[in-house]
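Residues per chain, in single letters:
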Amino acid sequence: MGFFLQDGNQLFTGALVLMLMIAVLEGAMLLIGVGISDMLDNLLPDMDVDLDAPDTEAGGVLTKVLGWLRFGEVPALILLVAFLVSFGVTGLLIQMFSESLLGLLMPGWLLAVPVFLLALPQVRFVGNLLRRFAVGDETEAVGRKSFIGRVAVITIGEAASGSPAEARFSDEFGTTHYVMVEPDNGETFSQGEQVLLVEERGANFRVIRPTNEHLLHNN
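What you see is a predicted model, and the numbers here were worked out from it, not measured in a lab.

Rules behind the numbers
- Residues numbered from 1 in each chain as written.
- Predicted model: local features only at pLDDT ≥ 70, side-chain atom pairs only at ≥ 80, totals over all residues.
- Heavy atoms only, no water.
- Helix = DSSP H or I, 4+ residues; strand = E, 2+ residues; numbered from the N terminus.
- Buried < 20%, exposed > 50% of the residue type's maximum accessible area, 1.4 Å probe, protein only.
- Areas by Shrake-Rupley, 256 points an atom, 1.4 Å probe, with all protein chains shown as cover.
- Pairing = 2+ DSSP bridges.
- Phe/Tyr/Trp six-rings, centres within 6.5 Å; stacked < 30°, edge-to-face > 60°.
- Axes fitted to C-alpha atoms, helices over the stretch in contact; angles between N-to-C directions.
- Patch = residues over 30% accessible without salt bridge, like charges linked within 9 Å, V, L, I, M, F, W, Y side chains within 5 Å.
- Salt bridge = Lys/Arg side-chain N within 4 Å of Asp/Glu carboxyl O.
- Expected span 1.5 Å × (residues − 1).
- Contact = heavy atoms within 4.5 Å.
- Core = buried A, V, L, I, M, F, W, Y, C linked by side-chain atoms within 4.5 Å.
- pLDDT = per-residue confidence, 0-100.

## Topic: the overall build of the protein
- Scanning the protein from N- to C-terminus turns up six helices and five strands.
- Ordering the α and β elements of the protein from the N terminus gives α-α-α-α-α-β-β-β-β-β-α.
- Burial analysis of the protein (219 residues in total) assigns 38% to the buried set.
- Looking at the protein as shown, the accessible area adds up to about 12,400 Å², and 64% of this sits on carbon and sulfur atoms.

Rendered as structure tokens:
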């Protein structure tokens, strides 16, 4: 324990402790029927950014990074936990090698940025693994672009302008998808209402109220 609590390791140990706290809290919340994952997805800001925006634009870069990490395809809580574990374990391993080879620990603040950059590919690996597991075989995998035209049901929260909510639908392979949706025309959609996905905007989808024809087509 002395190694984990040394000054140079507190940042990385703290990441692992935070991960354990999230796991315990998630378990406790599930017992009362509320998941942190759903709450986190609802609290995340709307990434209403054009995916074709030049990389020089901050919003375009952020959206591309989130997409690279499989944000929106894998629950945000899982990506957060993967980051905390990757950041904490990578930092502690580097410090172990440093102490073994140099006889001292490097300052945590000095390692923070390189460890952060090393953790991101690990988060992407976890995202890819879980995404592949979620969609099944490659022959059944569907891209987010194919979600356009689907009718989904609001499951968590209330979808309003600037305040996305979670919605669920099943594709032709029987795979259930969860997406964040926001009204396209200023309407408000409550939990249990059906919505039609009409446009992808960053990590979210714009939706409208489906017509009877859309409902019949998807039933």
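## Details of the pairing of strand β3 (residues 176–183)
- For β3, a buried count of six out of eight residues is recorded, marking the element as mostly surrounded by other parts of the structure.
- Pairing geometry for strand β2 (residues 165–170) and β3, over six bridges, is antiparallel. In the strand pairing of β3, S170 is matched with T176.
- What sits between β2 and β3 in their antiparallel hairpin is a turn of five residues, with G174 showing a positive phi close to 85°.
- Pairing between β3 and strand β5 (residues 204–208): four bridges, direction parallel. Looking at the pairing, E182 lines up with R206 of β5.

## Re the packing of aromatic side chains
- Inspection of every chain in the model, using the stated rule, returns six aromatic pairs.
- Taking 5.7 Å as the distance between ring centres and 75° as the angle between the ring planes, the aromatic pair formed by F3 and F4 counts as edge-to-face.
- Taking the relative accessible area as the measure of exposure, F4 reaches 35% and is therefore partly exposed.
- Through a chain of ring-to-ring contacts, three or more aromatic side chains come together here, namely F12, F83, F87 and F116.

## Focus: the sheet that holds strand β4 (residues 194–201)
- One closed barrel accounts for five strands, arranged β1-β2-β3-β5-β4; its pairing is mixed. Averaged over all neighbouring strand pairs, the angle between strand axes comes to 55°, with direction disregarded.
- Relative to β2, strand β1 (residues 151–156) runs antiparallel, the two being bridged by three bridges. For I154, the partnering residue across the bridge sits in β2 and is A167.

## Considering a nonpolar patch on the surface
- A contiguous nonpolar surface patch, about 730 Å² in accessible area, is contributed by V89, L93, M96, F97, L101, L102 and L104.
- The residue V89 is located in helix α4 (residues 76–102) in this model.

## A closer look at α4
- The terminal C-alpha atoms of α4, which comprises 27 residues, lie 38 Å apart, in line with the 39 Å expected from a rise of 1.5 Å per residue.
- Looking one or two residues beyond α4, the residue adopting positive phi is G103, at roughly 80°.

## Considerations on the environment of A15
- One can find A15 in helix α1 (residues 10–31).
- A15 sits in the buried class, given a relative accessible area of 7%.
- In contact with A15, not counting residues within four places along its chain, are L84, F87 and G88.

## A short note on the nonpolar core
- Grouped together as the largest cluster of nonpolar side chains are 23 residues, with contacts concentrated most on F12, F83, L84, F87 and V123.
- For this core, the secondary-structure elements that each account for two or more residues are α1, α4 and α5 (108–135).
- Among the elements that make up this core, the one with the highest residue count is α4 (eight residues).
- Apart from the residues lying within four places of it in its own chain, the contact partners of L84 are A15, L16, L18, M19 and I22.

## Notes on the confidence of the model for the protein
- On average, residues of the protein score 79 in pLDDT, and 75% of them are at 70 or above.
- Per-element confidence in the protein is highest for α4, whose mean pLDDT is 92, and lowest for helix α6 (residues 212–218), whose mean pLDDT is 56.
- A low-confidence stretch, residues 45–59 (pLDDT under 50), is modelled with 26 contacts involving residues beyond four sequence positions or located in other chains.
- Below a pLDDT of 50 lies the segment residues 135–141, which in the model reaches five contacts outside its immediate sequence neighbourhood of four places, other chains included.

## What to know about the pattern of salt bridges
- All told, the structure shown has four salt bridges when counted by the stated rule.
- The residue E182 makes a salt bridge to R206 at a minimum N-O spacing of 3.5 Å. Separated by 24 residues along the polypeptide, E182 in strand β3 and R206 in strand β5 bring together distant segments of the chain. The two residues E182 and R206 agree in class, both being buried.
- Counted as one network, the salt bridges with shared partners bring together E187, E193 and R209.

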